[in-house]
Amino acid sequence: MKTIKTSVLLCAAWTSTMMLSTVPVNAQEDQFITVVSWGGSYARSSVKAYHERFVEETGIQIKLDEYNGGLAQVRAQVETGNVSWDVVDMEAGDALLGCDEGLLETVDYETLPPAPDGTPATQDFLDVYDVECGAKNLVYSTVYAYNDTRFPEQKPATMADFFDLEKFPGRRGMRRAPNANLEFALVADGVPSARVYELLSTEEGIARAFRKLDTVKNQVVWWEAGAQPPQMLADGEVVMSTAYNGRIFNAWALENQPLTIVWDGQLLAFGYQVIVAGTPKLELARQFVAFATSTESLANLTRYISYGPLRHSSLALVDKHLETGIDMEPHLPNAPQNISNAVLEDPEWWADNQDEMNERFAAWLVK
């Protein structure tokens, strides 16, 4: 099983559908690609960070669509030969599995733009998990957050607190998927973060994770889209929720929501730009992926949302949030003060076990 170099990760730590309105009037109508992302504040950040510049500089239009992850829609398009998606923002496990199944085009890092100082892309991207069919994009994490007004005195501080209904009563929000929930359950049950996948590779460990999830199941409100947890917390529908760290940051920074992230036990993961196999717009898609993963594009993203770039040259440019002036480094998931007890997602484990875990999770939900 391939592992990610923690030393490199620590080094890095220092640091729905719409048509874009900025399309030049002389752009050719047939020059467009469909880019699929996660919606909400992340999609808006991507549009501001590099979609708009891509349209302005190339004249190629972007049709932006959204999804909630997984390979079902990509698989259906490729198998029927009716490919309508071109580029997809994808989680590592899905990108690895999609590559194995022939659903995605390969990506040659030698074709991606060098750093401003001329360093080749092959040397400029961080040495984290390589996916043959994906261009490294960003580091993000699934965390849990709470509504500060619901806990005026003692505050949740550990993953165990998320599962402690006696100490911190109230409904919880969790993603309707096994991903992150299994890891969180084991951390809350006392498993060291470095041993989570070792345990999940045994039947005993999987059963242990589901037993821990049993302890909160009747208090869970399930979410599917990343935009839901901040809204659920703001509305008081839940007192705590798992969420993507960037969504919570934007709700706090831009909407003044009283939300606090608990970094303990966070699931640190990597995002990739992938191209759907069989797209009739392959060259346009490759052009977009190269633009989206350039030094400037990845650095720009941190000015809108707290996800870390996966290029050394981009890390050097991390500065302040464009709209609020907030220093972004402390809010990145791989900042030193945030990653001490992080679980590093294992894409190979998920690629090997995703289907089985989906089935077991679905059966558990209806028990």
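Rules used in this analysis
- Residues numbered from 1 in each chain as written.
- Predicted model: local features only at pLDDT ≥ 70, side-chain atom pairs only at ≥ 80, totals over all residues.
- Heavy atoms only, no water.
- pLDDT = per-residue confidence, 0-100.
- Contact = heavy atoms within 4.5 Å.
- Helix = DSSP H or I, 4+ residues; strand = E, 2+ residues; numbered from the N terminus.
- Disulfide = S-S within 2.5 Å.
- Buried < 20%, exposed > 50% of the residue type's maximum accessible area, 1.4 Å probe, protein only.
- Phe/Tyr/Trp six-rings, centres within 6.5 Å; stacked < 30°, edge-to-face > 60°.
- Pairing = 2+ DSSP bridges.
- Domains from an automatic or database assignment.
- Buried area = accessible area lost by both parts, 1.4 Å probe.
- Salt bridge = Lys/Arg side-chain N within 4 Å of Asp/Glu carboxyl O.
- Polar contact = N/O pair within 3.5 Å; in protein donor to acceptor, adjacent residues only side chain to side chain.
- Nonpolar A, V, L, I, M, F, W, Y, C, P; charged D, E, K, R; others polar.
- Core = buried A, V, L, I, M, F, W, Y, C linked by side-chain atoms within 4.5 Å.

**Observations concerning the confidence of the model for the chain**
Okay, step 1: Put simply, the chain has an average pLDDT of 91, and 92% of its residues get 70 or more.
Okay, step 2: With pLDDT under 50 throughout, residues 1–27 is counted as low confidence; its partners more than four residues away or in other chains account for 59 contacts.

**Quick look at the environment of R171**
Okay, step 1: Looking at the element boundaries, R171 is found in the loop between α6 (159–162) and β6 (172–175).
Okay, step 2: Taking the C-alpha atoms as reference points, R171 and G98, 73 residues apart in sequence, are found 35 Å from one another.
Okay, step 3: In this view, R171 contacts N218, Q219, V220, V221, E237, V238, V239 and M240; residues no more than four positions away in its chain are not counted.

**Focus: the state of the cysteines**
Okay, step 1: Following the criterion strictly, the structure yields one disulfide and no others.
Okay, step 2: Note that C99 is cross-linked by a disulfide to C133, the S-S spacing being 2.0 Å. Across the S-S bond of C99 and C133 the torsion is about 55 degrees, and the bridge reads as right-handed. Of this pair, C99 sits in helix α4 (residues 92–100) while C133 is found in the loop between α5 (121–124) and β5 (134–147), placing the two residues 34 residues apart along the sequence.
Okay, step 3: For C99, a relative accessible area of 15% puts it in the buried group.
Okay, step 4: Given a relative accessible area of 1%, C133 falls into the buried group.

**Focus: the packing of aromatic side chains**
Okay, step 1: Inspection of every chain in the model, using the stated rule, returns 22 aromatic pairs.
Okay, step 2: Aromatic pair Y140 and Y244: ring centres 6.2 Å apart, planes at 80 degrees, arrangement edge-to-face. Here Y140, found in strand β5, pairs with Y244, found in strand β8 (residues 240–244); they are 104 residues apart in sequence, far enough to count as distant.
Okay, step 3: Given the relative accessible area of 8%, Y244 is considered buried.
Okay, step 4: Centre to centre, the rings of Y140 and Y307 are 6.2 Å apart; their planes meet at 70 degrees, and the pair counts as edge-to-face. Note that Y140 is positioned in strand β5 and Y307 in the loop between α13 (295–301) and β10 (308–309), a separation of 167 residues in sequence.
Okay, step 5: For Y140, a relative accessible area of 10% puts it in the buried group.

**Some thoughts on the pairing of strand β9 (residues 259–275)**
Okay, step 1: With 15 of 17 residues buried, β9 lies mostly within the body of the structure.
Okay, step 2: Sheet topology places strand β4 (residues 87–91) next to β9; five bridges connect them, and they run antiparallel. In the strand pairing of β9, M90 is matched with Y272.
Okay, step 3: Pairing of β5 with β9 involves 12 bridges; the strand directions are antiparallel. Of the residues in β9, the one forming a bridge with A135 is Q273.
Okay, step 4: Relative to strand β11 (residues 343–344), β9 runs parallel, the two being bridged by two bridges. When the sheet's bridge partners are listed, L267 is paired in β11 with V343.

**Describing the domain arrangement of the chain**
Okay, step 1: Per the domain assignment, the segments making up the chain are domain 1 (32–139 + 271–330) and domain 2 (141–268 + 335–366).
Okay, step 2: Between domain 1 and domain 2, the contact holds 25 residues from the first and 22 residues from the second.
Okay, step 3: Of the roughly 2000 Å² buried where domain 1 meets domain 2, counting both sides, 53% is carbon and sulfur surface.
Okay, step 4: Linking domain 1 with domain 2 are one salt bridge.
Okay, step 5: One salt bridge connects R175 with E91, and the closest N-O pair in it is separated by 3.4 Å.
Okay, step 6: For the pair domain 1 and domain 2, the number of links is nine residue pairs in polar contact (both at pLDDT 80 or more).
Okay, step 7: Among the residues forming the side of domain 1 that touches domain 2, the class breakdown is 13 nonpolar, nine polar and three charged.

**Brief notes about the pattern of salt bridges**
Okay, step 1: Under the criterion given, the structure shown has 16 salt bridges.
Okay, step 2: Where R208 meets D189, a salt bridge forms, and the shortest distance between an N and an O atom there is 2.7 Å. Placement of the pair is R208 in helix α9 (residues 203–214) and D189 in the loop between α7 (181–188) and α8 (196–200), with a sequence separation of 19 residues.
Okay, step 3: Take D189: its relative accessible area is 32%, and that puts it in the partly exposed class.
Okay, step 4: Connected through salt bridges with shared partners, the residues R53, E57 and E296 form a single ionic network.

**Describing the nonpolar core**
Okay, step 1: Of all hydrophobic cores here, the largest spans 79 residues; its most connected members are Y42, Y50, V88, M90, L112 and F288.
Okay, step 2: Residue-level mapping places this core at the junction of two domains, with at least three residues from each of domain 1 (32–139 + 271–330) and domain 2 (141–268 + 335–366).
Okay, step 3: When sequence neighbours within four positions are dropped, the list of residues in contact with L112 reads A121, F125, A135, V289, A290 and T293.
Okay, step 4: Within the second largest apolar cluster, 37 residues are counted, among which are F184, L199, L213 and F361.

**Focus on the side chain of N137**
Okay, step 1: Positionally, N137 belongs in strand β5.
Okay, step 2: The class of N137 is buried, set by a relative accessible area of 1%.
Okay, step 3: Of note is the side chain of N137, whose polar atom sits 3.3 Å from the side chain of Y42.
Okay, step 4: When residues no more than four places from it in sequence are discounted, the contact partners of N137 are Y42, Y50, D89, G271, Y272, Q273, A292, L298, G308, P309 and L310.

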